[in-house]
Amino acid sequence: FRVFDRWFGDFWQFFEASGLRERTIVVLTTDHGEELLERGLVGHASTTRAGHLYEEITRIPLIVWLPPSSPQPATIDTPGSHLDIMPTLFARLGLEAPQSFEGRDLFDLPADRAWQAVTSRAGFAEPDPANIRNFTAARIEGDWKLQLDFTRPSTVTRTRLYNLATDPG
């Protein structure tokens, strides 16, 4: 993390000195979380091999920094998606997003928005990547998260239900 912190500090110093800060939107995100020995797994590769959707993988940073002249909204706690980034940028620029965009403006999400995802259970270790059979799906509604393991076409092999307010891990 120190390497990124140093790099970002250098970037931000350049950003402010260049004058870009006054007219640029910065989006900072990642494609997935990182495991740090939760459930005995660590790093990037185990995420792909284990193929799960626990909080340490799905709760990722998404920061949209707006120029000082823009209205500054507060932190958004509603579940978002990378699909929401482009509609958010279009809205901040005062443009109408194309209908082909699947996401929504992050600053205009309903408070009760559900979140859902699907991933392969074997990741890159799948024997036949063209015929993936084992998946995990997850859906969050309010404090509840449901995870299902299933084999294609539709055989559920394991079900887990969590209350994230009382069991955030």
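Computed from a prediction, not measured in an experiment: that's the story for all the values here.

**Regarding the environment of Tyr54**
Of note, Tyr54 is situated in the loop between α2 (45-50) and α3 (55-58). Note: C-alpha distance between Tyr54 and Gln147 (93 residues apart in sequence) is 8.8 Å. Discounting chain neighbours no more than four positions away, the residues touching Tyr54 are Arg39, Lys145, Gln147, Arg158, Arg160 and Tyr162.

**Focus on the pattern of salt bridges**
Within this structure, the stated rule accounts for 8 salt bridges. For Glu16, the salt bridge identified is with Arg21, shortest N-O distance 3.1 Å. Where Arg139 meets Glu141, a salt bridge forms, and the shortest distance between an N and an O atom there is 2.6 Å. The exposure class of Glu141 is partly exposed, given its relative accessible area of 45%. Residues participating in the shared-partner salt-bridge network are Glu16, Arg21 and Glu22.

**Focus on empty space enclosed by the protein**
For the coordinates displayed, the defined rule picks out 1 cavity of 30 Å³ or more. Its volume calculated, the largest cavity comes out at about 50 Å³.

**Here we look at the sheet that holds strand β5 (residues 115-120)**
Pairing in this open sheet of 4 strands is antiparallel, and the strands run β5-β6-β7-β8 from one edge to the other. Because the sheet does not close on itself, it has two edges, and the strands there are β5 and β8 (155-163). Neighbour-to-neighbour, the strand axes of the sheet open up by a mean angle of 15°, direction not taken into account. Across 8 bridges, the pairing between strand β7 (residues 144-151) and β8 is antiparallel.

**Some remarks on the nonpolar core**
Listed in full, the 7 residues of the largest apolar core are Leu53, Tyr54, Trp115, Ala138, Ile140, Tyr162 and Leu164. Leaving out residues up to four positions away in the same chain, Ala138 has contacts with Leu53, Trp115, Gln116, Ala117, Lys145, Leu146 and Gln147.

**A closer look at the packing of aromatic side chains**
Applying the stated criterion across every chain yields a total of 14 aromatic pairs. Where Trp7 meets Phe11, the ring centres are 5.6 Å apart and the plane angle is 5°; that geometry is what we call stacked. Of this pair, Trp7 and Phe11 both sit in helix α1 (residues 2-18), 4 residues apart, roughly one helical turn. Judged by centre distance (5.5 Å) and plane angle (20°), the ring pair of Phe11 and Phe15 falls under stacked.

Calculation notes
- Residues numbered from 1 in each chain as written.
- Predicted model: local features only at pLDDT ≥ 70, side-chain atom pairs only at ≥ 80, totals over all residues.
- Heavy atoms only, no water.
- Helix = DSSP H or I, 4+ residues; strand = E, 2+ residues; numbered from the N terminus.
- Contact = heavy atoms within 4.5 Å.
- Salt bridge = Lys/Arg side-chain N within 4 Å of Asp/Glu carboxyl O.
- Buried < 20%, exposed > 50% of the residue type's maximum accessible area, 1.4 Å probe, protein only.
- 1 Å grid on protein atoms, 1.4 Å probe; cavity = no way out; pocket = protein on both sides within 12 Å on 5 of 7 lines; lining within 4 Å.
- Points joined across faces, edges and corners; volume = space filled by probe spheres on them.
- Pairing = 2+ DSSP bridges.
- Axes fitted to C-alpha atoms, helices over the stretch in contact; angles between N-to-C directions.
- Core = buried A, V, L, I, M, F, W, Y, C linked by side-chain atoms within 4.5 Å.
- Phe/Tyr/Trp six-rings, centres within 6.5 Å; stacked < 30°, edge-to-face > 60°.

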